[in-house]
Amino acid sequence: MPQDAEVKWELYEMFQAFLQAPVYHLVFEGLLMVWVMWLIFRKSYNPREKTTLTEKEKEELIAEWTPEPLVPEVRDDHPALNPRIVSGKLGKYVKVGEFHCLNAATHNYLGMIENPKVEEASIKALRKYGVGSCGPRGFYGTIDVHLDLESRLAKFLSVEEAVLYSYGFATIASVIPAYSKRGDVIFVDKGVHFAIQKGLQASRSDIRYFNHNDLADLERLLKIQEAEDLKNPKKAKVTRRFLIVEGIYVNYGDICPLREMIELKNKYKVRLFIDETVSFGVLGASGKGVMEHLDIPTEEADLVAASLEYSFGSNGGFSCGTSYVVDHQRLSEIGRASCRERV
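Residues numbered from 1 in each chain as written. Predicted model: local features only at pLDDT ≥ 70, side-chain atom pairs only at ≥ 80, totals over all residues. Heavy atoms only, no water.

Attention now moves to the pairing of strand β3 (residues 99-102). Looking down a regular strand, the side chains alternate between one sheet face and the other. Pairing geometry for strand β2 (residues 93-96) and β3, over four bridges, is antiparallel. Bridging across to β3, V94 finds its partner in C101. The turn linking β2 back onto β3 is made up of two residues, and G97 within it adopts a positive phi angle of 65°. (Pairing = 2+ DSSP bridges. Helix = DSSP H or I, 4+ residues; strand = E, 2+ residues; numbered from the N terminus.)

This is the structure:
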């Protein structure tokens, strides 16, 4: 059949269908078309049209307007307006107003803040180096006390090297994104503290949370990752996997089952990072942390980080491990800064 004949036949069928359609259907379609045309051609609102008010109308509007207060009403006896003043050292005991109170709001576990030897060393450091805001060593240079403390920490913890940070919070928050990048996988306990959470966000990695201290849940996630790696071995070769735990969890106060974690780490080939912020100076015969407490060799952890602002009563933090691992942090310079000299 020629093409023109096909077109005519289709038009004929459409015309017949139109004639056979119910009347109410045709009326509805006609009203719908009229409504659409009205929407298209109707005069829209013109924001340029301004309504001019008379002076009397302006006066009435101003008189009727009642501004809302910038801040809500506050009682004169509100605690924020009558703070309790703490005077003296923030040691084991503090003076609040006229009361001598036991200080339960501190991480000064070992009493370093009130230690006479620490105070004497701090005074000597102030006289020799002065005092001021600390900043990255890339800006302000490396001082001899930085290298001395790094060397002492490495020797104390029986590792090859250590690197200092000026801010305890920034230590683990900078360490994580220094190694784990987009596309990498991090297995982490749901109960980790806020600094670790910020480090996880900065890394932009694929985060896999397991229930707090739940070894079975952790292994379940590791098995899922193992299955994914078998499906895509090419991607698995370039994907790094990390396991991040705390020695003593800040949010729970319990100890990590590190021995079992290391078994899973070796079985599924993941890198282990341990945050010893609370456990450093607390656990172990000499205060080296959870690894000494459980008699685990330091080589089992790929990296150990801790804050010096808890049991040591100072500022800053550090991370330590092999020279290869620590040198990477020195080169990356992510958040690394000088520690305070009084440490």
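Okay, the environment of I296 next. Following the sequence through the fold, I296 ends up in the loop between α12 (290-293) and β9 (303-307). Between the C-alpha atoms of I296 and L258, which are 38 residues apart in sequence, the distance is 8.7 Å. Ignoring sequence-local partners within four residues, the contact set of I296 consists of L258, R259, I262 and M291. (Contact = heavy atoms within 4.5 Å.)

A contiguous nonpolar patch, built from F28, L32, W35, V36, M37, W38, L39, I40 and F41 and spanning about 980 Å² of accessible area, is present on the exposed surface. If you trace the backbone, F41 turns up in helix α2 (residues 23-41). (Patch = residues over 30% accessible without salt bridge, like charges linked within 9 Å, V, L, I, M, F, W, Y side chains within 5 Å. Areas by Shrake-Rupley, 256 points an atom, 1.4 Å probe, with all protein chains shown as cover. Salt bridge = Lys/Arg side-chain N within 4 Å of Asp/Glu carboxyl O.)

This part takes up the pattern of salt bridges. Counted under the stated rule, the structure contains twelve salt bridges. Here R75 and D77 are joined by a salt bridge, their closest N and O atoms 2.9 Å apart. The exposure class of R75 is exposed, given its relative accessible area of 51%. One salt-bridge network, held together by shared partners, links D206, R208 and E228. (Buried < 20%, exposed > 50% of the residue type's maximum accessible area, 1.4 Å probe, protein only.)

Turning our eyes to something else, we now look at the nonpolar core. Soluble globular proteins: nonpolar side chains tend toward being buried together. Ranked by size, the top nonpolar core spans 58 residues in total, and within it L243, V245, L258 and F318 carry the most contacts. The contact partners of F318, leaving out residues within four places of it in the chain, are L153, L157, V163, L164, Y165, T171, F280, V304, A305, A306 and L308. (Core = buried A, V, L, I, M, F, W, Y, C linked by side-chain atoms within 4.5 Å.)

Quick look at a negative patch on the surface now. Judged by side-chain charge, E57, E59, E60 and E64 come together as a negatively charged surface patch. Considering the arrangement of structural elements, one finds E60 in helix α3 (residues 55-64). (Lys, Arg positive; Asp, Glu negative; His and termini not counted. Charge placed at Lys NZ, Arg CZ, Asp CG, Glu CD.)

Moving on, we get to the sheet that holds strand β1 (residues 86-87). Within the open sheet, the three strands sit side by side as β1-β2-β3. Their pairing is antiparallel. Looking at which strands have only one partner, the edges of the open sheet turn out to be β1 and β3.

Among the five residues that make up β9, five are buried, leaving the element largely enclosed by the rest of the structure. Because side chains alternate across β9, one face comprises the buried residues L303, A305 and S307, and the other comprises V304 and A306, equally buried. Here strand β8 (residues 271-275) pairs with β9 via three bridges, running parallel. If you follow D275 over to β9, its bridge partner there is A305.

This next bit is on the packing of helix α7 (residues 168-179) against helix α8 (residues 194-203). Taken N-terminus to C-terminus, the directions of α7 and α8 make an angle of 30°; their axes are 7 Å apart at the nearest point. As summarised for this structure, α7 and α8 are arranged roughly parallel, according to the angle between their axes. As for how α7 packs across α8, the hand of that crossing is right-handed. Contacts from F169, I172, A173, I176 and P177 in α7 reach F194, A195, I196, K198, G199, L200, A202 and S203 in α8. Here the contact of α7 with α8 is built from residues that sort into ten nonpolar, two polar and one charged. (Axes fitted to C-alpha atoms, helices over the stretch in contact; angles between N-to-C directions. Parallel < 35°, antiparallel > 145°, perpendicular 65-115°, else oblique. Left-handed = near helix turned anticlockwise from the far one by under 90°. Nonpolar A, V, L, I, M, F, W, Y, C, P; charged D, E, K, R; others polar.)

A few words on the sheet that holds β8. Taken in spatial order, the seven strands of this open sheet run β4-β10-β9-β8-β7-β5-β6, and their pairing is mixed. Two strands lie at the open edges of the sheet, namely β4 (161-165) and β6 (206-210), each paired on one side alone. Each neighbouring strand pair of the sheet contributes to a mean axis angle of 20°, computed without reference to strand direction. In this structure, strand β7 (residues 241-246) lies alongside β8, joined through five bridges in parallel fashion. Bridge pairing links L243 to L272 in β8. α8 rests against β5 (185-189), β6, β7 and β8 of the sheet, and its axis sits at about 165° to β5. The sheet contacts of helix α9 (residues 215-231) involve β5, β6 and β7, and relative to β6 the element is tilted by about 145°.

Turning next to the side chain of N103. You can see N103 is positioned in the loop between β3 and α4 (116-129). Separated by 3.1 Å, the side chain of N103 and the backbone oxygen of G91 make a polar contact. At a separation of 3.1 Å, a polar atom in the side chain of N103 contacts the main-chain amide nitrogen of A105. Contact partners of N103, with chain neighbours within four places excluded, come to L90, G91, K92, Y93 and V94. (Polar contact = N/O pair within 3.5 Å; in protein donor to acceptor, adjacent residues only side chain to side chain.)

Here we come to the confidence of the model for the protein chain. With 88% of its residues at a pLDDT of 70 or more, the protein chain has an overall mean of 86. Note on residues 334-343: pLDDT is under 50 here. Beyond four places in sequence and across chains, it has 48 contacts. (pLDDT = per-residue confidence, 0-100.)

Glancing now at the packing of aromatic side chains. One pass over the full model with this rule turns up seven aromatic pairs. Pairing F156 with F280 gives two aromatic rings, centres 6.2 Å apart and planes at 75°, and the pair type is edge-to-face. Of this pair, F156 sits in helix α6 (residues 144-157) while F280 sits in the loop between β8 and α12, placing them 124 residues apart in sequence. F156 gets classed as partly exposed once you look at its relative accessible area, which sits at 30%. A residue is classified by how much of its surface remains accessible, and F280, at 1% relative accessible area, is buried. Plain terms: the ring middles of F280 and F318 are 5.1 Å apart, the flat faces sit at 65° to each other, and that makes the pair edge-to-face. Residue F280 is found in the loop between β8 and α12, and its partner F318 is found in strand β10 (residues 317-321); the two are separated by 38 residues along the sequence. Here F280 and F318 have matching classes, each one buried. Taken together through their ring pairs, the aromatic side chains of F156, F280, F312 and F318 make up a single cluster. Sitting over the ring of F156, K288 keeps its end group 5.6 Å from the ring centre. (Phe/Tyr/Trp six-rings, centres within 6.5 Å; stacked < 30°, edge-to-face > 60°. Lys NZ or Arg CZ within 6 Å of the ring centre and 35° of its normal.)

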